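# A structural walkthrough
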Amino acid sequence: MYDVIIIGGGPAGMSAGIYTSRARLKTLLIDNYSIDAQIVMANKIENFPGFHDGISGVELLEKLTSQAKNFGIEIVSGEVTDITKVGVEFDIKMEANSYKTLALIIATGGKPRMLGVPGENELKGSGVSYCAICDGVFFRDKKVIVVGGGNTAVGDAIFLTRFCTKVWVVHRRNELRASKILQERALSTDKIEFLMNSKILEIGGNQKVENVLIENVITKEKSIIDCDGVFVFIGHLPNTGFLKDILAEDEIGYIITDDEMKTSKEGIFACGDCRKKLLRQAITASSDGAIAAYSAEKYIEDIKNIGG
Ligand code: NAP
């Protein structure tokens, strides 16, 4: 029997775990160690306060995990398959085990959004990638396409110039969403060429990516670019499917919470990128985690007081 179970071990879940363990609540964190985890894909985080020269996502996660372990958190790996509640106790089922807890914190983050064009699924892992830090090195001296106009697309396009001879950034609008500092860096990088107002219609190739069919959305002009890889960075979707609609979510599937990270179900809290919020960053995920832990602590105190 745990006081708190946290599902998800990114910055939100680990920060929640640091707070609950430090509050001497018996805490279990369940993580599926997905290769899609956003924090693992972050090659350099420059805006997490306290890290003057930036820090990789993996390194930040290692530090958070070690800090949580210092306070006594238990961590298991696996997928949660079902959540039920009897009285004040939640039963958290995994494939092989099940655990009981008084409070539950959901911190499952998001997964990369797919383009949904022909060739994408077929060539996934054979030139189509969603992670520059994982796969960039395989494209040494190659030419690649990056899709998207946000911080990930522009930041990772810069990262990819370490390996690639040419990086085209294909963005559907004429304006980038990425921060000005990243835009400035990308624009001053010779190897990067921006193809604005453009979208990919198809990814072509036998066995591996060989080219993409691109359309200018204004002129409707189509062109083929020969390339070796396509990196898709067009945002994320929440990892909330396993909840099977037990919580109120928005139309995309982000969990709706209040300012205290309380969800629509008493005793369940949500934090980080899986919840509906304005800004999804490592720092806001950590902040959410701290609030969720504090709210869970108050909730547990209340039910323990009522119970006896
Ligand atoms: P994002 O900010 O949501 O940007 C997604 C980009 O993909 C947008 O430019 C969007 O176009 C485009 N897009 C969405 N759907 C598309 C589709 N179907 N086809 C073509 N293009 C599509 O996602 P992100 O860049 O992954 O960033 C996620 C969060 O992490 C953000 O809050 C971001 O600030 C943060 N982040 C921060 C840093 C940093 O601070 N260094 C680094 C990485 C990520 P539109 O612009 O037209 O909507």
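Read on for a plain summary of the structure. (Residues numbered from 1 in each chain as written. Predicted model: local features only at pLDDT ≥ 70, side-chain atom pairs only at ≥ 80, totals over all residues. Heavy atoms only, no water.)

### Examining the overall build of the chain
In terms of helices and strands, the chain carries 7 helices and 17 strands. Over its C-alpha atoms the chain spans a radius of gyration of 21 Å, differing by no more than 12% from the 19 Å that the globule rule assigns to 308 residues. Seen along its three principal axes, the alpha-carbon backbone of the chain occupies a region of about 70 × 40 × 35 Å. The contacts of the chain with a sequence gap of at least 6 include a subset with a gap of at least 24, amounting to 58%. (Helix = DSSP H or I, 4+ residues; strand = E, 2+ residues; numbered from the N terminus. Rg over C-alpha atoms; globule rule 2.2 N^0.38 Å. Contact = heavy atoms within 4.5 Å.)

### Things to note about the packing of helix H5 (residues 151-160) against helix H6 (residues 180-187)
Running from N to C, H5 and H6 cross one another at 35°; their axes reach a closest spacing of 9 Å. In this structure, the crossing between H5 and H6 has a hand that is left-handed. Facing Asn151, Val154, Gly155 and Ile158 of H5, the residues of H6 in contact are Leu182, Gln183, Arg185 and Ala186. Its residues assigned to classes, the contact of H5 with H6 shows 4 nonpolar, 3 polar and 1 charged. (Axes fitted to C-alpha atoms, helices over the stretch in contact; angles between N-to-C directions. Left-handed = near helix turned anticlockwise from the far one by under 90°. Nonpolar A, V, L, I, M, F, W, Y, C, P; charged D, E, K, R; others polar.)

### Thoughts on the packing of aromatic side chains
Tallied over the entire structure, the rule returns 6 aromatic pairs. Relative to Tyr99, the ring of Tyr2 has its centre 6.1 Å away and its plane inclined at 70°; by these criteria the two rings are edge-to-face. Of the two residues, Tyr2 sits in strand E1 (residues 2-7) while Tyr99 sits in strand E6 (residues 98-106), which places them 97 residues apart along the sequence. With a relative accessible area of 15%, Tyr99 lands in the buried category. When the centroid spacing of 5.5 Å and the interplanar angle of 75° are considered together, the rings of Phe159 and Phe163 count as edge-to-face. On the basis of relative accessibility, which here comes to 9%, the residue Phe159 falls in the buried class. What links up through ring pairs into an aromatic cluster is the set Phe139, Phe231 and Phe233. When the ring centre of Tyr254 is taken as origin, the NZ or CZ atom of Arg280, which lies over that ring, is 3.8 Å away. (Phe/Tyr/Trp six-rings, centres within 6.5 Å; stacked < 30°, edge-to-face > 60°. Buried < 20%, exposed > 50% of the residue type's maximum accessible area, 1.4 Å probe, protein only. Lys NZ or Arg CZ within 6 Å of the ring centre and 35° of its normal.)

### Topic: the sheet that holds strand E14 (residues 222-226)
Strands sit in the order E12-E13-E14 across an open sheet of 3 strands; the sheet is antiparallel. With partners counted over all chains shown, the strands left at the sheet margins are strand E12 (198-204) and E14, one partner each. The sheet shows a mean angle of 25° between the axes of neighbouring strands, direction not considered. As defined by bridge partners, E12 adjoins strand E13 (residues 211-216) across 6 bridges and the pair is classed as antiparallel. Note that in E13 the partner of Ser198 across the bridge is Asn216. (Pairing = 2+ DSSP bridges.)

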